[in-house]
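Residue strings, one per chain:
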Amino acid sequence: MAVVLALITFLIFEMFIEAVGLLGIFLGAIVLPVYFRYLLILLEARAKGQEAPAIGVELINWFENFWGLFPLILLCLVIVGEYFLARNLSFAAALVPGVLVLFLFPASMAVLAMTHSPVESLNPAAIFVLVKACGRVYLMIPLIIAAISVLIWYLVILDTPYVLTRAAAMYASFLMFTLTGSVLHENMAAIKVDLTLAREPDAEQLDAELTGDRTKALNHAYGFISRGNRAGGLQHLYRRIENEIDIDEAYRWFFERMLKWESTDAALFFAQTYLTRLLLQQRDVEALKLMSRCLLENKRFKPLAKDRDAALAAAERQGNDDLIKYLKE
């Protein structure tokens, strides 16, 4: 339903933009980036096996997640290039690179959604390993999109009402991104390994980039939390952590930084979720250390209600009498 509502919303915006004349140029400059950012977020959600996201006001921010604008830039370059070839050479000359773009574009967008790096999304090695990891099932994506494109062209020839052809074209773009995400979901483990091997990043550069990305995410979360939206800020961090290769190290990193804020309340709520993960994995020593650290910040800290029994069991296994007594209170 979220995808249907998003599709209808963007279709209404598009029809309105075309109806208002020159004002539509300014509206289009706002809506088009949001449209492509949403498609990438949709792809990423499908790749993780999550529910499709709803449209949110955070998509309007040009400076946050700037990588989400890259599909728009790339498509503009492709359209200009195709127009130049068709006009100055021949339709056949434009057809070959057009077919190549149709084949590679989903893979490029998949790399972009996984790495958030426009440069990496144009890396032939990264695209190759992704297509290789997906195998023959990847061919289903460009073939289905090509079939729908032919159908849309046929609708245009039949003078089908414009709103129907635009709806079909928009559906094709939604289908390509969600289908790509679904294919990624089935092959995610192999793709992550292959991409890591293909990139071979410099260790210091990778650490600097990772710290920079985490800091941006933390600052964005702080913006939510400082305005009273603690749940929104924490959800932003949880979504960011899901993209990490070492999720536990990411939890530790964010927790330690949040403890340095003027108020540690958000860090303690964040720690409850981190504690749930540690308890599920029966990593008793780390779980008890985390609880002890939180109690130093606030003596009223408690695990989530659903984790109380697991936390008590961990304390009993480790013979931590202080935590056993506290958790039984």
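Each remark here, short or long, concerns the structure printed above.
Okay, so let's go over this structure. (Residues numbered from 1 in each chain as written. Predicted model: local features only at pLDDT ≥ 70, side-chain atom pairs only at ≥ 80, totals over all residues. Heavy atoms only, no water.)

**Details of the overall build of the chain**
Operational definition: Only DSSP runs of H or I with at least four residues qualify as helices, and only runs of E with at least two residues qualify as strands; both kinds are numbered from the N terminus onward. Residues count as neighbours in contact if any of their non-hydrogen atoms are within 4.5 Å of one another. What sets the accessible areas is the Shrake-Rupley method with a 1.4 Å probe; for residues, cover comes only from the shown protein chains.
Secondary structure assignment for the chain yields 16 helices and 0 strands. Here the contacts in the chain between residues at least 6 apart in sequence split such that 68% fall between residues at least 24 apart. Total accessible area on the chain is roughly 18,700 Å²; 65% of this is exposed by carbon and sulfur atoms.

**A look at the packing of helix α14 (residues 284-297) against helix α15 (residues 308-318)**
Short version of the rule: Lines fitted to C-alpha atoms define the axes, with helix axes restricted to the stretch in contact, and inter-axis angles between N-to-C directions lie between 0 and 180 degrees. Throughout, the term roughly parallel applies to angles under 35 degrees, roughly antiparallel to angles over 145, roughly perpendicular to angles from 65 to 115, and oblique to all others. Three residue categories are used. Nonpolar comprises Ala, Val, Leu, Ile, Met, Phe, Trp, Tyr, Cys and Pro, charged comprises Asp, Glu, Lys and Arg, and polar comprises the others, including Gly.
Two numbers describe how α14 lies on α15: the axes approach to 10 Å, and their chain directions differ by 110°. One finds that α14 runs roughly perpendicular with respect to α15. In contact with D284, V285, L288 and M291 of α14, α15 contributes A311, A314, A315, R317 and Q318. Among the residues forming the contact of α14 with α15, the class breakdown is 6 nonpolar, 1 polar and 2 charged.

**With respect to the packing of aromatic side chains**
For clarity, the threshold we go by: Two rings belonging to Phe, Tyr or Trp (six-membered ring only in the last case) form a pair when the distance between their centres is within 6.5 Å. Interplanar angles under 30 degrees mark stacking, angles over 60 mark edge-to-face geometry, and anything in between is tilted. Think of it in three bands: residues with accessible area under 20% of the maximum for their type are buried, residues over 50% are exposed, and the middle band is partly exposed, with areas taken using a 1.4 Å probe on protein chains only.
Within the structure shown, the criterion is met by 12 aromatic pairs. For the pair Y38 and F174, a centre-to-centre distance of 6.0 Å together with 45° between the ring planes defines the contact as tilted. Of this pair, Y38 sits in helix α2 (residues 23-47) while F174 sits in helix α8 (residues 162-186), and the two are 136 residues apart along the sequence. Given a relative accessible area of 1%, Y38 falls into the buried group. Taking 5.5 Å as the distance between ring centres and 85° as the angle between the ring planes, the aromatic pair formed by F103 and Y138 counts as edge-to-face. Of this pair, F103 sits in helix α4 (residues 91-115) while Y138 is found in the loop between α6 (124-134) and α7 (140-157), placing the two residues 35 residues apart along the sequence.

**Things to note about the side chain of Q272**
Our working rule: N or O atoms closer than or at 3.5 Å make up a polar contact, with two conditions inside protein: a donor-capable atom paired with an acceptor-capable one, and, for residues adjacent in sequence, both atoms drawn from side chains.
Here Q272 lies in helix α13 (residues 265-280). Here the side chain of Q272 touches K302 through a polar contact of 2.8 Å, landing on its backbone oxygen. Dropping the residues within four chain positions of it, Q272 is found in contact with F301, K302, P303, L304 and D307.

**As for a nonpolar patch on the surface**
Selection rule: Patches draw on residues past 30% relative accessible area with no salt bridge. Two like charges within 9 Å are joined, as are two nonpolar side chains (Val, Leu, Ile, Met, Phe, Trp, Tyr) within 5 Å. The salt bridge criterion pairs a side-chain nitrogen of Lys or Arg with a carboxyl oxygen of Asp or Glu, the two atoms within 4 Å.
Among the surface-exposed residues, M1, V4, L5, I8 and I12 lie close enough to one another that they form a single nonpolar patch of about 530 Å² accessible area. Here M1 shows up in the segment before α1 (2-19).

**A look at the pattern of salt bridges**
This structure, assessed with the given rule, holds 12 salt bridges. Taking the shortest distance from any N to any O, the salt bridge between R214 and E244 comes out at 2.9 Å. Taken together, the positions of R214 in helix α10 (residues 203-226) and E244 in the loop between α11 (230-241) and α12 (247-258) put the pair 30 residues apart, joining distant regions of the chain. Here R214 matches E244 in class, with each residue buried. As a salt-bridge pair, D307 and K306 come within 3.6 Å of each other at their nearest N and O atoms. Judged by its relative accessible area of 6%, D307 is buried.

**A closer look at the environment of L210**
Among the secondary structure elements, L210 is positioned in helix α10. Setting aside residues up to four positions removed in sequence, L210 forms contacts with R240 and E244.

**Digging into the nonpolar core**
Quick reminder of the rule: Put simply, buried Ala, Val, Leu, Ile, Met, Phe, Trp, Tyr and Cys residues joined by side-chain atoms within 4.5 Å make one nonpolar core.
Grouped together as the largest cluster of nonpolar side chains are 41 residues, with contacts concentrated most on F10, M109, F174 and F177. Among the elements of the structure, α1, α2, α3 (70-88), α4, α6, α7 and α8 are those that each provide at least two residues to this core. Top contributing element to this core by residue count: α2, with 10 residues. Beyond its immediate stretch of four places on either side in the chain, F10 contacts V31, V34, Y35, Y38, I55, M170 and F174. Counting residues in hydrophobic clusters, the runner-up holds 40 residues, among them Y251, L259, A271 and L312.

**What to know about α13**
Applicable threshold: Expected helix span is given by 1.5 Å per residue-to-residue step, counting one fewer step than there are residues.
The terminal C-alpha atoms of α13, which comprises 16 residues, lie 23 Å apart, in line with the 22 Å expected from a rise of 1.5 Å per residue. By the burial criterion, the buried members of α13 are A266, A267, L268, F270, A271, Q272, Y274, L275, T276, L278 and L279.

**Some remarks on the side chain of T276**
By secondary structure assignment, the location of T276 is in helix α13. The buried category is assigned to T276, whose relative accessible area is 11%. T276 has contacts with L304, K306 and D307, leaving out every residue within four places of it along the chain.

**Some thoughts on the packing of α13 against α14**
So the rule is basically this: Each crossing gets its handedness from the near helix: less than a right angle anticlockwise from the far helix is left-handed, clockwise is right-handed.
Where α13 contacts α14, the two axes come as close as 9 Å, and the packing angle between them is 165°. By the angle between their axes, α13 is roughly antiparallel relative to α14. Where α13 crosses over α14, the two elements pack in a sense that is left-handed. Packed against α13, whose contacting residues are L268, A271, Y274, L275, L278 and L279, the element α14 presents E286, A287, L290, M291, C294 and E297 at the interface. Along the lines of polarity and charge, the residues of the contact of α13 with α14 split into 10 nonpolar, no polar and 2 charged.

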